[in-house]
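Summary of the model geometry
Residue-level listing of the chains:
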Amino acid sequence: MSASARRAIQRFGATSGYWYVALLLLGWVAVAGFVPPHRPSAGAEEIAAVYQGNVTRIQLGMIIVMIGAAMCAPFTAILAQYISRIEGGPGVLTYSIVLGGIGTIVLTFYPAIFWLVAAYRPDRSPDVILMLNDWAWLQLIGGATIFWPLPLGMAVAALCDRSANPVFPRWSGWTSIWLFLMILPDQLLFFFKTGPFAWNGLFGFWLPLSAFAGWFVLASWLMLAAMKRGYFADAEPEALAASASPISNSYATVR
C-alpha cells in the first residue's frame, strides 16, 4: 500500500469520530425522535403508543445508529495506533483502547437492535415493548462503563507523554478526565425513575451525553491536527523528530 493511501485511511479513521457522533445524533435524535428521552416512569401503554405511532421513523433512525456504530471501529484503530506510538509499542493502554472501542460499538449497536425489535411488532403486548424500551435505555446510558477505557486511556497517555510536540497535549489528558467525571454519575440511573439521576435527567442523561460526544470530537480534532503537522501514526521515528518519546521513558519525570 502506498504512503498516500495509508495517510488517507488514517485521516478517515480520525474523521470517523465525527461521523460516529453525527450519525448517532442524526438517527437517535433527528429521525427517531428519542431525545428528549422517554420518561422512565411512563407506563406500558404510554411507551407502546410511542412505538405504534412512529414505526417507520424509529426503524430508519435505528438503522442510522447502527451504521454510526461501525464508524467507531476505524476511529478506535487510529487512536490505538497513536497510543501505541506513545507507549513505545502496543501495551496496556493500547489494548485497553482497542477493547474499549469494541465495547463502545456494542454499547451503541445493541440498544438500536432492541428498539428495532420493539418497533418490528408494535401490536405486541405493551409490557413486552416496555421491557425492550427499558433494556435499550438502560444499556445505552447505564452501560457507559464499557466506554471508560477510551477517555481514561487517552488521559494517561497524554499525561505521561514527554514528547516535545505531543499528539495529545497534557491539557487534553485533564480534559478527558473531566469529561469522564461528567459521565460517571449516570451509573445512578439504575436507582431512579424520576429526577436528575434518572435516564432523562441532568446527571443521568444530558451531562453524560454532552461529555460522551465531546470526547469523540476532542480526540478526532487532536488526531487530525497532528496529521496536519505531518505526525501520522505510522511515520518513521526520524520524521517525528523529538515527538515520539515512549511512555516507558517518561514515568520517572513527572511535571
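As the structure is a computational prediction, the values presented were derived from the model and not from experiment.

Attention now moves to a nonpolar patch on the surface. A cluster of nonpolar side chains, Val98, Leu99, Ile102, Val106 and Tyr110, forms an exposed patch at the surface whose accessible area comes to about 430 Å². Note that leucine 99 resides in helix α5 (residues 92-120).

With that settled, the discussion passes to the packing of aromatic side chains. Throughout the structure, instances matching the rule amount to 26 aromatic pairs. Considering the side-chain rings of phenylalanine 109 and tyrosine 110, the 5.4 Å spacing of their centres and the 85° angle between planes classify their relative orientation as edge-to-face. For tyrosine 110, a relative accessible area of 40% translates into the label partly exposed. Relative to phenylalanine 216, the ring of phenylalanine 147 lies with its centre 5.7 Å away and its plane at 25°, an arrangement referred to as stacked. In this pair, phenylalanine 147 is assigned in the loop between α6 (126-142) and α7 (149-160) and phenylalanine 216 in helix α9 (residues 202-228), connecting sequence segments 69 residues apart. In this structure an aromatic cluster arises from ring pairing among Trp28, Phe34, Tyr51, Trp115, Trp137, Trp199, Phe205 and Trp206.

Bringing empty space enclosed by the protein into the picture now. For the coordinates displayed, the defined rule picks out two cavities of 30 Å³ or more. Of the voids in this model, the largest cavity is the one considered here, and its volume is about 170 Å³. Elements that contribute at least two residues to the lining of the largest cavity include exactly α1 (3-31), α5, α6 and α9. The greatest single-element share of the lining of the largest cavity, amounting to four residues, is contributed by α9. The residue inventory of the lining of the largest cavity, partitioned by class, reads 12 nonpolar, one polar and one charged.

Cut-off values and rules
- Residues numbered from 1 in each chain as written.
- Predicted model: local features only at pLDDT ≥ 70, side-chain atom pairs only at ≥ 80, totals over all residues.
- Heavy atoms only, no water.
- Patch = residues over 30% accessible without salt bridge, like charges linked within 9 Å, V, L, I, M, F, W, Y side chains within 5 Å.
- Areas by Shrake-Rupley, 256 points an atom, 1.4 Å probe, with all protein chains shown as cover.
- Salt bridge = Lys/Arg side-chain N within 4 Å of Asp/Glu carboxyl O.
- Helix = DSSP H or I, 4+ residues; strand = E, 2+ residues; numbered from the N terminus.
- Phe/Tyr/Trp six-rings, centres within 6.5 Å; stacked < 30°, edge-to-face > 60°.
- Buried < 20%, exposed > 50% of the residue type's maximum accessible area, 1.4 Å probe, protein only.
- 1 Å grid on protein atoms, 1.4 Å probe; cavity = no way out; pocket = protein on both sides within 12 Å on 5 of 7 lines; lining within 4 Å.
- Points joined across faces, edges and corners; volume = space filled by probe spheres on them.
- Nonpolar A, V, L, I, M, F, W, Y, C, P; charged D, E, K, R; others polar.

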